[in-house]
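Structural overview
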Amino acid sequence: MNTDRLLHGLELSLTIGCRLNCDYCPQDVLIETYYHGEPHRTKALSFEDFKVVLDKVEPGATIAFGGMSEPFHNVECADMLVYAYERGYKLCLDTTLIGMDVPDFEKIKHIEFEEFILHIPDKEHHSKFVITDEYLRLFDLVHDKIEISYYSCHGTIHEAVKDKINEEKYAGISISDRAGNLEMEDLKGIFVEGRIMCWHGSETMHGTWIPVMFPDGSLVLCCQDYGMKHVLGNLIEQSWQEICAGEEYKKFKNGLEDDSIDLLCRNCAAARKVEVLPSMRLAKAAFDRKAGRFVENVPKETMELVEHFAEADMVCIFGLGKLWRDHFYQEYWHEALEHFIFSDNNPVLQGKEINGIQCVKPSELKQYEKLFVLLFVKNGESIISQLTEMGIDHYMLLDDVYSKCVYL
């Protein structure tokens, strides 16, 4: 199978219209736009159409269930999750549990989700949860069997669930204007100039930018495009290759480089200038250091990082799991690094070329005299021990690199 012709990931909005009708979610904009001139447009994605579009996504890629509505408002959501999981796709589920029932839970409880985001009710009632005994029972069942990645709450956590959650995984999320689609008091619009990328994903190479598909197959730019400003094509009717050849997709790609093009991303809080990304700041600091220019006013540990990068003849990106998929191309490390290789302890990846870059066995890293290893892993203790035993002294976890790049 030629995967270059396939989409590298997909987010699904399984229905149009969400019963939670959250204050921070412009459902009225979406519903008005979606049904404008087409009152009988498909409201819920059918299982048969789901199977059609899944065949257009690269095997093993990420399928996200979320979009602009609660996934379990579609009665076939659980069946779709199981179907995709059994075919080897990585699954992200973004849910409130509203619409899920116990039979649904029984179907999906065995799934090892790549990410399971649980939206929880707030005291202020920004999200229109109906908290019943059935909901709380389901809440407990999910927590007992499924690993929660983090909790999302737009407000103060409701007392009904406050004592049920793991507070270490709580993420209070601020309200944004949804790239200009949401009108609320105190929300100010933005415009980001210059060359930009999406902090939540990018179509650079095989990055994590993935479009959102509506029930009728319409493919929009992302989960902020409530007004359907950029309809890239129809994934039920078209191939991904045909969509990429279309004018709207070309406009999107060009618009990331040219701020004179009217692009939704320029008004989004997730937009970042490429030049200020940690990868680019570190690359510039290392270049200046090699050129004999002093890097000013940075802590000692940050300076040591810059010197390691400046002195390295080769950078090894170690770890090609979720952290790599979410951050490497998305945050332009491939462009910031002049010479780099990949490495991973997974023998399936060793010896392969990934996007034109060799993935070597860890044991082969010893041949590089001036090497810096950037660890794209969360818990790197075992890998650090592995590198130390091989005599490799210069390495750092990605999170530590980010914290030090703040000062550049």
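Keep in mind that this is a model prediction, so the values were computed, not measured.

Reading guide: rules and limits
Residues numbered from 1 in each chain as written. Predicted model: local features only at pLDDT ≥ 70, side-chain atom pairs only at ≥ 80, totals over all residues. Heavy atoms only, no water. Phe/Tyr/Trp six-rings, centres within 6.5 Å; stacked < 30°, edge-to-face > 60°. Helix = DSSP H or I, 4+ residues; strand = E, 2+ residues; numbered from the N terminus. Buried < 20%, exposed > 50% of the residue type's maximum accessible area, 1.4 Å probe, protein only. Salt bridge = Lys/Arg side-chain N within 4 Å of Asp/Glu carboxyl O. Contact = heavy atoms within 4.5 Å. Pairing = 2+ DSSP bridges. Right-handed = clockwise from strand over helix to strand, strands pointing away. Disulfide = S-S within 2.5 Å.

Attention shifts here to the packing of aromatic side chains. A full pass over the atoms with the stated rule returns 22 aromatic pairs. Both rings, one in Trp 333 and one in Tyr 402, keep their centres 6.5 Å apart while their planes meet at 25°; by these two values the pair is stacked. Of this pair, Trp 333 sits in helix H12 (residues 333–336) while Tyr 402 is found in helix H14 (residues 398–405), placing the two residues 69 residues apart along the sequence. On the basis of relative accessible area, Trp 333 is assigned to the buried category, the value being 1%. Residue Tyr 402 is classed as buried on the basis of its relative accessible area, which comes to 17%. Ring centres 5.8 Å apart and planes at 55° place the aromatic pair Phe 340 and Phe 342 in the tilted group.

What follows concerns the pattern of salt bridges. It is possible for side chains of opposite charge to pair when their charged atoms get near one another. All told, the structure shown has 21 salt bridges when counted by the stated rule. Across the pair Arg 41 and Glu 38 runs a salt bridge whose closest N-O atoms are separated by 3.9 Å. By relative accessible area, which is 15% here, Arg 41 ends up buried. Ionic pairing is found between Glu 257 and Arg 195, a salt bridge with its closest N-O pair at 3.3 Å. Residue Glu 257 is found in the loop between helix H8 (247–255) and strand E11 (271–273), and its partner Arg 195 is found in the loop between strand E6 (170–172) and strand E7 (196–198); the two are separated by 62 residues along the sequence. The partly exposed category is assigned to Arg 195, whose relative accessible area is 31%. Residues participating in the shared-partner salt-bridge network are Glu 38, Arg 41 and Asp 216.

As for its position among the elements, Val 231 is in strand E10 (residues 231–234). When residues no more than four places from it in sequence are discounted, the contact partners of Val 231 are Ser 218, Leu 219, Val 220 and Glu 248.

For the rest of this paragraph, the subject is the pairing of strand E2 (residues 57–65). Burial analysis of E2 places 7 of its 9 residues in the buried class, the great majority of the element. In this sheet, E2 lies alongside strand E1 (residues 7–12) in parallel orientation, the contact comprising 5 bridges. Paired with Leu 12 across the bridge in E2 is Phe 65. With 4 bridges joining them, E2 and strand E3 (residues 90–95) adopt parallel strand pairing. From the neighbouring strand, Phe 65 faces E3, where its bridge partner is Leu 93. Each parallel crossover has a hand, and for E2 linked through helix H3 (residues 77–86) to E3 it is right-handed.

The next point concerns the state of the cysteines. Counting across every chain of the model gives 0 disulfides. Between Cys 25, a cysteine without a disulfide, and Cys 22, which holds the nearest cysteine sulfur, the sulfur-to-sulfur distance is 6.1 Å. The class for Cys 25 is buried, based on a relative accessible area of 14%. Cysteine Cys 359 is unpaired, with the sulfur of Cys 316 as its nearest cysteine sulfur at 8.1 Å. What makes Cys 359 buried here is its relative accessible area of 0%.

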